[in-house]
Amino acid sequence: MSTAGKVIRCRAAVSWAPNTPAAMEEIEVAPPEAGEVRIKIVATSVCHSDLYHLLESMTADGFPTVLGHEGAGIVESVGPGVTEFQPGDKVIPLFLCQCKECRFCKSPRTNQCERAWTRIRQEIMAGVESRFTCKGKRVHQFMGTSTFSEYTVINQIAVTRIDPAAPLDKVCLLGCGICTGYGAAVNTAKVEAGSSCAVFGLGAVGLAAVMGCRAAGASRIIAVDINPDKAEKAKELGATDFLNPKDHSRPVHEVISEMTGGGVDFSLECVGNVEVMRSALESSMEAWGVSVVVGWTDMFDITIRPRHLICGRTWKGSMFGGFKAKDGVAGMVRSYLEKKVKLDEFISHNMELDQVNDAIELMKNSQCVRVVMKVSAE
């Protein structure tokens, strides 16, 4: 029986309040309106940004919500005016949209989209619109996506169609973390062949940055993390050195400077910690180093001294790895299918959606790289 044009009742992991376990609930998902696509989510993974909203920023106005923004699924139905998608298409939802019409989308200088700034309320990390209700209450769609649900509704400018041969339980990772880290190296930093790099933080984003540095031809890649268990995976993905700041009495930037004769050519901060951001900057070569802030936080200010930049360093930020979202993610899926990009190596656990709280605990305690949860059958 067709569900097009009808309300769908399905399971979702609803976070009713900050810092509380998600509850498996039956929610109502409204039909897509003009320009929208309703998607059956097949697989999703947990990203640190989900934890940031749930456990760190804890903005009360951002709840109740359905978290999740790294997912992949199949189009169930489309709203009026949608011509780019049709039922049955394999797709990846996007937290960063690409309308292809605004001045940002038309510019090669940014991957931002002007409509993203009005579509998402950044202070609560949720879409302005929501097609979810539960127990008579409106439920936010986290980052406009909400992939911890069997079905979701998303504007067509924040969805990309992918190769039908793509395994959804693998390419779901490209919805955020892998593209963010990999692209920060190749698109934002523009790592050069034969260069030296340092990557701070070896979660999935940092490991993807390591992979990006290697793909760009860096000759030395120093992977930095306080967890020694991360060393093996970092080297598998291309790191030449592993550095644990806890093993040294001096600041880590001094250690890296000594290791490299003055600092690395490129450094990438993939933690979301303002102190680490400064360490990453100071670890880059003072005369020409490029340091990229990749990790997300909006809770603290950062302080540096002007001389850290005046002598020639460049300090940059990277959102979603600099990828134009729709085009970039579809391209990364092709790269995976062509074995140019690794994804399987990032998946440390496979679970079901109703184990979402276990997945969150693994991420919270740094006991996983990525947990992929099965949401629905294809």
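Since this is a predicted model, take the numbers as computed values, not measurements. (Residues numbered from 1 in each chain as written. Predicted model: local features only at pLDDT ≥ 70, side-chain atom pairs only at ≥ 80, totals over all residues. Heavy atoms only, no water.)

### What about the nonpolar core?
And step 1. Counting 114 residues, the largest nonpolar core has V171, L174, L268 and F346 as the members making the most contacts within it.
And step 2. Here this core takes eight residues from helix 6 (residues 204-215), the largest share from any one element.
And step 3. Built from parts of two domains, this core gets at least three residues from each of domain 1 (8-175 + 342-374) and domain 2 (181-318).
And step 4. Setting aside chain neighbours within four positions, we find L174 in contact with I92, C179, F320, V329, M332, V333 and L343.
And step 5. Within the second largest apolar cluster, 10 residues are counted, among which are F200, I222, V252 and A280. (Core = buried A, V, L, I, M, F, W, Y, C linked by side-chain atoms within 4.5 Å. Buried < 20%, exposed > 50% of the residue type's maximum accessible area, 1.4 Å probe, protein only. Helix = DSSP H or I, 4+ residues; strand = E, 2+ residues; numbered from the N terminus. Domains from an automatic or database assignment. Contact = heavy atoms within 4.5 Å.)

### Let's talk about the pattern of salt bridges
And step 1. The final tally for this structure, using the stated rule, is 21 salt bridges.
And step 2. A salt bridge links E114 to R103; the shortest N-O distance between them is 2.8 Å. Of this pair, E114 sits in the loop between helix 2 (103-106) and helix 3 (116-119) while R103 sits in helix 2, placing them 11 residues apart in sequence.
And step 3. Given the relative accessible area of 59%, R103 is considered exposed. (Salt bridge = Lys/Arg side-chain N within 4 Å of Asp/Glu carboxyl O.)

### Quick word on the sheet that holds strand 17 (residues 290-293)
And step 1. An order of 15-14-13-16-17-18 is seen for the six strands of this open sheet, with the pairing classed as parallel. Looking at the sheet topology across the chains shown, the edges are occupied by strand 15 (241-243) and strand 18 (314-317). Each neighbouring strand pair of the sheet contributes to a mean axis angle of 20 degrees, computed without reference to strand direction.
And step 2. By the bridge criterion, four bridges tie strand 13 (residues 196-200) to strand 16 (residues 266-269) in an arrangement that is parallel. From the neighbouring strand, C197 faces strand 16, where its bridge partner is F266.
And step 3. Each of strand 13, strand 14 (220-224) and strand 16 touches helix 6; the most contacted strand, strand 13, lies at about 170 degrees to it.
And step 4. Packed on one face of the sheet, helix 9 (residues 274-283) meets strand 13, strand 16, strand 17 and strand 18 and runs near 175 degrees to strand 16. (Pairing = 2+ DSSP bridges. Axes fitted to C-alpha atoms, helices over the stretch in contact; angles between N-to-C directions.)

### Things to note about the state of the cysteines
And step 1. Going through the model one piece at a time under the given rule, you end up with zero disulfides.
And step 2. Free of any disulfide, C134 has its nearest cysteine sulfur in C10, 9.9 Å distant. (Disulfide = S-S within 2.5 Å.)

### Describing a negative patch on the surface
And step 1. A grouping of E352, D354, D358 and E361 is seen on the molecular surface, where their side chains present a negatively charged patch.
And step 2. Along the chain, E361 falls in helix 12 (residues 356-364). (Patch = residues over 30% accessible without salt bridge, like charges linked within 9 Å, V, L, I, M, F, W, Y side chains within 5 Å. Areas by Shrake-Rupley, 256 points an atom, 1.4 Å probe, with all protein chains shown as cover. Lys, Arg positive; Asp, Glu negative; His and termini not counted. Charge placed at Lys NZ, Arg CZ, Asp CG, Glu CD.)

### Section: the packing of helix 8 (residues 252-260) against helix 9
And step 1. Following both chains from N to C, one finds helix 8 and helix 9 inclined at 20 degrees, their axes separated by 8 Å at the closest point. As far as their axial angle goes, helix 9 and helix 8 are roughly parallel. Both helix 8 and helix 9 take part in a crossing whose hand is right-handed. Only S279, E282 and S283 of helix 9 make contact with helix 8, whose side of the interface consists of V252, H253 and I256. (Parallel < 35°, antiparallel > 145°, perpendicular 65-115°, else oblique. Left-handed = near helix turned anticlockwise from the far one by under 90°.)

### Quick look at the UniProt feature "domain: Enoyl reductase (ER)" (unreviewed entry) in the protein
And step 1. Feature annotation in UniProt assigns "domain: Enoyl reductase (ER)" (unreviewed entry) to the following positions: residues 22-373.
And step 2. Segment residues 22-373 splits into 28% helix and 25% strand. End C-alpha atoms: 14 Å apart. (UniProt positions renumbered as here; feature names shortened; annotations may be inferred.)

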